[in-house]
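# Chain and residue survey
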There are 4 protein chains.
Amino acid sequence: MSRPGLILKLSCPDQAGIVAKIANYVAGHRGNLVEFNQFSDQLGSKFFARLEIETADLDVDVQDFMDGFGTLGRSLQADWHFRRLPYRMRAAVLVTKTDHCLNEILWRTELGELPVEITSIIGNRPNCRPHAEHARIPFHLVDMDADKPAGFAEIRKLLREQDVELVILARFMQILPDDFCREFAGRVINIHHSFLPAFIGANPYQQAYERGVKLIGATCHYVTADLDAGPIIEQEVERVHHFHTPADLVRLGRNCERNAIAKGIRYHVHDRTIIDGHRAIVFPD
Amino acid sequence: MSRPGLILKLSCPDQAGIVAKIANYVAGHRGNLVEFNQFSDQLGSKFFARLEIETADLDVDVQDFMDGFGTLGRSLQADWHFRRLPYRMRAAVLVTKTDHCLNEILWRTELGELPVEITSIIGNRPNCRPHAEHARIPFHLVDMDADKPAGFAEIRKLLREQDVELVILARFMQILPDDFCREFAGRVINIHHSFLPAFIGANPYQQAYERGVKLIGATCHYVTADLDAGPIIEQEVERVHHFHTPADLVRLGRNCERNAIAKGIRYHVHDRTIIDGHRAIVFPD
Amino acid sequence: MSRPGLILKLSCPDQAGIVAKIANYVAGHRGNLVEFNQFSDQLGSKFFARLEIETADLDVDVQDFMDGFGTLGRSLQADWHFRRLPYRMRAAVLVTKTDHCLNEILWRTELGELPVEITSIIGNRPNCRPHAEHARIPFHLVDMDADKPAGFAEIRKLLREQDVELVILARFMQILPDDFCREFAGRVINIHHSFLPAFIGANPYQQAYERGVKLIGATCHYVTADLDAGPIIEQEVERVHHFHTPADLVRLGRNCERNAIAKGIRYHVHDRTIIDGHRAIVFPD
Amino acid sequence: MSRPGLILKLSCPDQAGIVAKIANYVAGHRGNLVEFNQFSDQLGSKFFARLEIETADLDVDVQDFMDGFGTLGRSLQADWHFRRLPYRMRAAVLVTKTDHCLNEILWRTELGELPVEITSIIGNRPNCRPHAEHARIPFHLVDMDADKPAGFAEIRKLLREQDVELVILARFMQILPDDFCREFAGRVINIHHSFLPAFIGANPYQQAYERGVKLIGATCHYVTADLDAGPIIEQEVERVHHFHTPADLVRLGRNCERNAIAKGIRYHVHDRTIIDGHRAIVFPD
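These lines cover the structure that appears in this document, whether it is placed above or below. Because the structure is predicted, anything quoted here is derived from the model rather than measured.

### Considering the overall build of chain A
The number of helices and strands found in chain A is eight helices and 13 strands. Here the C-alpha radius of gyration of chain A, 20 Å, is about what a compact globule of 285 residues would show, namely 19 Å. Looking at chain A as a whole, 49% of its 285 residues are labelled buried. Sequence-distant contacts in chain A: of pairs separated by 6 or more residues, those separated by 24 or more amount to 68%.

Have a look at this one:
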């Protein structure tokens, strides 16, 4: 992701010859296709692709290359999206009290694993402020108790002001209102601390304990207006035993949560996900 | 499990000194404790244990050893159970069409992994008859379509006649009536082809496909009158991707199902499970 | 794999425009690309691809389509290979005493998971003969004790006579001679009962026990003249504990072995593997 | 681990009646056994146990309880060890450049998952100094390049001065001299970035890449004078593919390393490990 280049993400109705048309466009302008992932959904008659293109030898300006693709894209009735590399996506992290997911995101960002620029950390509790200060990222405390709609209005104002492209719910214990979900559709990632669709809603570890499951999990998914029902990007599980208390499940589950959200963010930021209704296509790296 | 010996399984209200009392009883009669698993449930104030005892040097007859435990057992207000080793449990396998779980059970039984004696294979479809014949196990075709209660009555009659101790639902696509569940409480093991409590009921792989999960699973559990809600013994998962069709999930899930049911049966037959309300304590081997 | 179509597998030096050229060839003859996997090895400057092409609408005969690709293939300095679908590969299974891998292969073949036609089962011990008979597959007992070279000569004669395309070593406890490896290069698949490169050679479970590992494994790989050093296709692991004896490791390891060899065969037969020196590229399904 | 209590860890030659004797001693003084893990190694004729005892109702002073056990312990020819709870073990972390394992340890310590008191962070490179400063832990830079023996002498002096009970090699890229290993036998934990015994020594991820393995791993083990051959406490693996470069393996492996070392430390500090020659018995929590 550090080379100059482009990512092209595309979905369209399936038909013969799509790969040739797209590859021709790239090769015709001397783009070098270094990675090409494709999925022809035979059940849904749809075509999905992600291309990673080196642009050093392009015979046209990169902007012209992107603009010029429109003729083909429209003829394919495609949705498509280009992204210039290297890229760091502007992301805000929303938190409440627990900090393990935030910590993981900060740590991986610093390490270079997650190409994001964290514009701000927004919390409805002050617990995570020290992490923000240590990482020199602005922290915004937003009260959600007195007037929830006002709280959400304040958050959305912050996100707009900061040109946030990705909203990460890192154990943010609030349900987003519908219009929030619509405004940021496909751009809000949540971590749910269960193996969805099991244990939707509150206290999933307590629910898991009571049900006596032998594996717990965490699910990273896009947020939609349906609670915990958005397209799943990544899931992780961990084996548990009868002697684990709900507190143990919380402890063991943190690993699942941290890994799932880190992978989910990475896939999203690298444009490795394509939302298709209730499902997410993921080309992993 | 091939040595002469005893398994003692016990549960009782927790109190100090239980381990000493039990171990004293064993040692006092020159039993040799080769495996001792214990669980003090601090949340429920209950005590659970499983002991494996070599009886070669007992100073009393094995039957007297078992009978004599009653004084202690009653004083602990315990439920307990002895089993003489080696032991082969009389089990019936109920099937419909698919044979992969049955196959796995037959194969592991022949290999000596599962100490069961399969008294019969009972099917509401004839598909599995050839497996029964090859394994020289009686096959009973029971019609469940014309008159379901009559079908279940016939099955229960077979189970009683054959002194069946364990009923294995190896992809038996019928919901057991309540009185069946009560009669064989704690003695019916089912494999459900999902990661419970996700995707209860019919067509879990189709449900999993539509939900777009990234891991599928299978759950081996005791059957109760609540559909797919009995105590879980074992769960297995397998990673899946967007390109997997429902048919692929069926294929990949077979592995989970086979492993989960084989482990579940093994744990049950080795008395490594203790049912505690909605949960199962499992001391794995 | 049941549709009429073609698989094209190809490797060549990397250069810009390969995807376009190949896709153009396919589209130019009205082939429909339903799956396209590609790997540009930036470290080795090589290009690898696997295409699955529906041929129903080809504007030329399938044979002409394959022949006509030669001009492009040669200009890319490529190694390539077409296979017509549906296809069942002629495979021989070599065994010694243990039958679990053989069983798995027979079971999955019958189920349709493995598109192979098993021409024969060849054993240097008679143990697996009943499985062969039950499956109505010829069994050849080849003595390897008195005169090993003669034994291998006999095996090779059988393989040639039966036009065997794939040799599966399903726990065949003999080291193939170098010239055997050369004659069937890229066409012999072995299952080694360890997580290679750990525990090469004999008694890997005993070695694993003594080393006190916490995970055991199995490795499915192509056989080369270097013992247990051929390109790895698939590996599976299972968690073990201090209380597991070497016999327990054998028991638990069987699962890893069965899964790894079944997946390895499936990938090979579906042309989802490309050997690249010591490594294997695998496009999983 | 936060309740007042004791852990008793014990190993001795196996014989009948050990459990009764130990449990009697505990119960005889009104100790409450809340967890009892036992392992009778039938192959080695040894007995191992770990007991967690609530001491609130002891009829003697805790010190007297521990001292008084000596008569029984000696009669069993046992090695045994008591630890009072709650306990925080004094640990030093040795590092070179990479910080992910250190980070994980600091984070889990702060969270309360690891009951250690980190006395110091010792590095032969200055890279991890900022982490030490942020966590308000002394950082010692020890030069290992000019005079390695002098460097190790300095480290040992620090460890002795600080009464360090546990030495954690958190990607410390130096081989400990034999006398160091002897002085701290059973008290040095290392993380090796491979699935041991595969890829001993330097650059295991590069080795793994070249061998083309399909799973990479990390191993947390006790350090002995034999390089990477000490008793294994925990191992973790992660699936990798042909498209992963050595740099990707480094990235993916970090997860394995972090989890394995965190679990290994936790097991050690909670006295859940017993070293038995080349192997480690681990009673997980």
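Having seen the model, we can carry on.
### Some remarks on the relation of the copies chain A and chain C
Superposition of the two copies of the chain requires a rotation about an axis together with a shift along that axis. Overlaying chain A with chain C gives an RMSD of 0.0 Å, the required rotation being 180° about an axis along which the chain moves by 0.0 Å. Classification of the inter-copy transformation places it as that of a two-fold axis. For chain A, the smallest separation between a C-alpha atom and the rotation axis is recorded for A:Ala20, amounting to 2.8 Å. Interface residue correspondence from chain A to chain C reaches 100%, placing this contact among same-surface, isologous pairings.

### Overview of helix 8 (residues 246–269) of chain C
Residue and element names in this part refer to chain C. Look at helix 8: 33 Å from first C-alpha to last across 24 residues, which is about the 34 Å you get at 1.5 Å a residue. Helix geometry: helix 8 is bent most strongly at Gly 253, by close to 30°. Across the 24 residues of helix 8, 18 count as buried, placing the element largely inside the fold. Following helix 8 by one or two positions, Asp 271 has its phi on the positive side, about 55°.

### Topic: the sheet that holds strand 7 (residues 139–141) of chain B
All names here are of chain B. Strand order in the open sheet made by the seven strands is 7-6-5-8-9-10-11, with mixed pairing throughout. Strands at the two margins of the open sheet, each flanked by one partner only, are strand 7 and strand 11 (232–239). For this sheet, the mean angle separating the axes of adjacent strands, direction not counted, is 20°. Here four bridges tie strand 5 (residues 89–95) to strand 8 (residues 166–169), and the two strands are oriented parallel to one another. For Leu 94, the partnering residue across the bridge sits in strand 8 and is Leu 169. Across the face of the sheet, helix 8 (residues 246–269) comes into contact with strand 5, strand 6 (116–123), strand 8, strand 9 (188–192), strand 10 (215–222) and strand 11 while running at roughly 155° to strand 11.

### A look at the interface of chain A and chain C
The interface is formed by 17 residues belonging to chain A together with 17 residues belonging to chain C. Take the side of chain A that touches chain C: its biggest share by element is seven residues, from strand 2 (residues 32–41) of chain A. Of the residues belonging to the side of chain A that touches chain C, the class tally is nine nonpolar, six polar and two charged.

### Section: the interface of chain B and chain A
On the side of chain A, 24 residues touch chain B, which itself brings 24 residues to the contact. Counting residues per element, the ones that place at least two in the side of chain B that touches chain A are helix 7 (204–211), strand 11 and strand 13 (279–282) of chain B.

### Concerning the environment of A:Tyr87
Mapped onto the elements of the fold, A:Tyr87 is located in the loop between strand 4 (79–85) and strand 5 (89–95). In this structure, the C-alpha to C-alpha distance between A:Tyr87 and A:Gln38, residues 49 residues apart in sequence, is 22 Å.

### Details of the environment of A:His140
Residues and elements named next belong to chain A. Mapped onto the elements of the fold, His 140 is located in strand 7 (residues 139–141). With 17 C-beta atoms counted inside 10 Å, the residue His 140 sits in the partly exposed group. Separated by 49 residues in the primary sequence, His 140 and Ile 189 have C-alpha atoms spaced 19 Å apart.

So, how was this worked out
- Residues numbered from 1 in each chain as written.
- Chains lettered and ligands numbered in written order.
- Predicted model: local features only at pLDDT ≥ 70, side-chain atom pairs only at ≥ 80, totals over all residues.
- Helix = DSSP H or I, 4+ residues; strand = E, 2+ residues; numbered from the N terminus.
- Rg over C-alpha atoms; globule rule 2.2 N^0.38 Å.
- Buried ≥ 20, exposed ≤ 12 C-beta atoms within 10 Å, placed from the backbone.
- Contact = placed C-beta atoms within 7 Å.
- Least-squares fit on C-alpha atoms with pLDDT ≥ 70 in both.
- Expected span 1.5 Å × (residues − 1).
- Bend = angle between axes of the 7 residues up to and from the residue.
- Pairing = 2+ DSSP bridges.
- Axes fitted to C-alpha atoms, helices over the stretch in contact; angles between N-to-C directions.
- Nonpolar A, V, L, I, M, F, W, Y, C, P; charged D, E, K, R; others polar.

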